[in-house]
Amino acid sequence: MTNTKTFIPIPENSDFTIHNLPYGIFSDKRKPRIGVAIGEQILDLAAVARLGHFDKIVKDRKIFQQATLNDFIALGKVKTNAVRAQIIKLLTSPRSPMKNNKRVLVAQANAKMHLPVRVGDYTDFYSSIEHATNVGKMFRDPANALLPNWRHIPVGYHGRASSIVVSGTPLHRPKGQVLPKGAKNPVFQPSARVDFELEMGFIIGKENSLGNPVSTKKAEDHIFGMVIFNDWSARDIQKWEYVPLGPFLGKSFGSSISPWVVPIEALDPFRKRGPKQDPKVLPYLKYSGKQNYDIQLEVGITPKKGKETIVCRSNFKFMYWNMLQQLAHHTVNGCNLRVGDILASGTISGKEESSYGSMLELSWAGSKKIKLSDGSDRVFIKDHDTVTMRAFAENKEIRVGFGEVTGTILPAKK
Ligand code: CA
């Protein structure tokens, strides 16, 4: 990897190169504030602001001292991109005042990461044709796996924002109503089918007011950046509750996100043309250009005190519906999105079995055992298992990564 530009040491294969510069909220001995990941360190933007380096762009230095990114993001792209340009300058210029200034850098190893944004609303889509087809085959009709609306609408539902947690936060196995096989009546018990869903989420960077849709053309201006998103799911609870209004308690017990928000601008070198959409979409969903992104994804399961086994390798470029279409669809009825809202992609599965982004698909509804490197096997997630998702984009010259999102499933509460 070439990382000749910055004077900060960047380890080989680091996600956090000078081309990335993701934003997060971190704390050490002092209170949570905004930082930017670079190599194995964090550039403390509150400290940089105190030295006056952002004064020409952002008058209020306190914006960088806040415990969420919302007010920073709300400054708008002209300003946040100017801050980004200033950070690049400060980390690359040979006579930078940041050089050998220990007060502006904190080792990531000594920092605690916090939820990067205050999430007002969270919406989950269902935009991978491979995933939707797999689920349709398992639960409905293998010959007509996709429902008639799927190729016309980026299908989605409103998720629960309050239970979105930052990477590293454990979650208890949820309890709920499930219908045992062959039974007429449900029972109340801990879910026996806790699952992950490999997703990417994007964070809204600009509001649209109520009644004013955002076109696909203008949608990118409303996207601040992206995170890895694990939409934890309790399949047995979900299966019994989801008809006719969709997912509810089988999803709302928790979703985990990675702590670093990668600006959408950093992903520009990894744009890819999306899959052909057939039939043609309605005019408000039409878009032009390369609107998918080549982001490599993987999921690992680590049993208690055990080693990790990678169970899935996928790619964000497989998505049938892109983020611009999701945003345009979400707002086409006049619904207003607010800064900090998260829109998640839906499970990102590819064509290969090894690229399926959930245990539901990997184990084909529990009928196939997934071997782990310690000799044990899984059909769903066991107590004390840790699920880790990683995402990175890479070409011959540069690498832009998301780090990881991890979460451990603890036993159900008594
Ligand atoms: Ca999902």
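Residues numbered from 1 in each chain as written. Predicted model: local features only at pLDDT ≥ 70, side-chain atom pairs only at ≥ 80, totals over all residues. Heavy atoms only, no water.

Any chance you could explain the domain arrangement of the chain here in plain terms?
Accessible area lost on assembly of the parts is the figure often given for the size of an interface. Domain annotation for the chain reports domain 1 (23–114) and domain 2 (122–410). Placing a centre on the C-alpha atoms of domain 1 and another on those of domain 2 gives a separation of 30 Å. Opposite the 17 residues of domain 1 that make contact, domain 2 presents 17 residues. At the boundary of domain 1 with domain 2, the tally comes to one salt bridge. Close ionic contact of E265 with K77 constitutes a salt bridge, the shortest N to O distance being 2.9 Å. Applying the counting rule to domain 1 against domain 2 returns five residue pairs in polar contact (both at pLDDT 80 or more). Put simply, the parts of the chain that give the side of domain 1 that touches domain 2 at least two residues each are β1 (23–27), β2 (33–38), α2 (70–73), α3 (77–92) and β5 (112–114). In terms of residue count, the dominant contributor to the side of domain 1 that touches domain 2 is α3 (four residues). In the side of domain 1 that touches domain 2, the residues fall into nine nonpolar, six polar and two charged. (Domains from an automatic or database assignment. Contact = heavy atoms within 4.5 Å. Salt bridge = Lys/Arg side-chain N within 4 Å of Asp/Glu carboxyl O. Polar contact = N/O pair within 3.5 Å; in protein donor to acceptor, adjacent residues only side chain to side chain. Helix = DSSP H or I, 4+ residues; strand = E, 2+ residues; numbered from the N terminus. Nonpolar A, V, L, I, M, F, W, Y, C, P; charged D, E, K, R; others polar.)

Looking at this model, I keep getting lost on the layout of surface pockets. Mind explaining?
In this approach the atoms are scanned with a rolling probe the size of a water molecule, which exposes any empty space left behind. The space that makes up the largest pocket amounts to roughly 730 Å³. The wall of the largest pocket is formed by 31 residues, among which Y126, V155, Q238, Y242 and P247 lie closest to the centre. When residues of the lining of the largest pocket are traced back to their parent elements, those giving at least two are β6 (122–125), α4 (129–139), β7 (156–158) and α6 (235–241). The element that contributes the greatest number of residues to the lining of the largest pocket is α4, accounting for four residues. Classifying every residue of the lining of the largest pocket gives 16 nonpolar, eight polar and seven charged. Within this model, the second largest pocket holds a volume of roughly 460 Å³. (1 Å grid on protein atoms, 1.4 Å probe; cavity = no way out; pocket = protein on both sides within 12 Å on 5 of 7 lines; lining within 4 Å. Points joined across faces, edges and corners; volume = space filled by probe spheres on them.)

Teacher, can you tell me more about the pairing of strand β25 (residues 386–394) here?
The side chains of a regular strand alternate, first on one face of the sheet and then on the other. Here β25 lies mainly inside the structure; seven of its nine residues are buried. Looking at chain direction, strand β20 (residues 296–302) and β25 are connected through seven bridges and run antiparallel. Within β25, the residue paired with G300 across the bridge is T388. As paired strands, β25 and strand β26 (residues 399–410) are joined by eight bridges and run antiparallel to one another. Of the residues in β26, the one forming a bridge with A393 is V400. Counting the residues between successive antiparallel strands, the hairpin from β25 to β26 contains four residues. (Buried < 20%, exposed > 50% of the residue type's maximum accessible area, 1.4 Å probe, protein only. Pairing = 2+ DSSP bridges.)

In this structure, what is going on with the pattern of salt bridges? I would like to understand it.
Two side chains carrying opposite charge are able to pair once their charged atoms lie near each other. Counting across every chain of the model gives 24 salt bridges. For the salt bridge of D28 with R33, the shortest nitrogen-to-oxygen distance reads 3.2 Å. A salt bridge links R390 to E404, with the nearest nitrogen and oxygen atoms 3.2 Å apart. Remark: E404 occurs in strand β26 and R390 occurs in strand β25; sequence separation between them is 14 residues. Classification of R390 by relative accessible area gives partly exposed; the value is 22%. Note on E404: relative accessible area 36%, which makes it partly exposed. One salt-bridge network, in which partners are shared between bridges, spans D195, E197, D231, R235 and K251.

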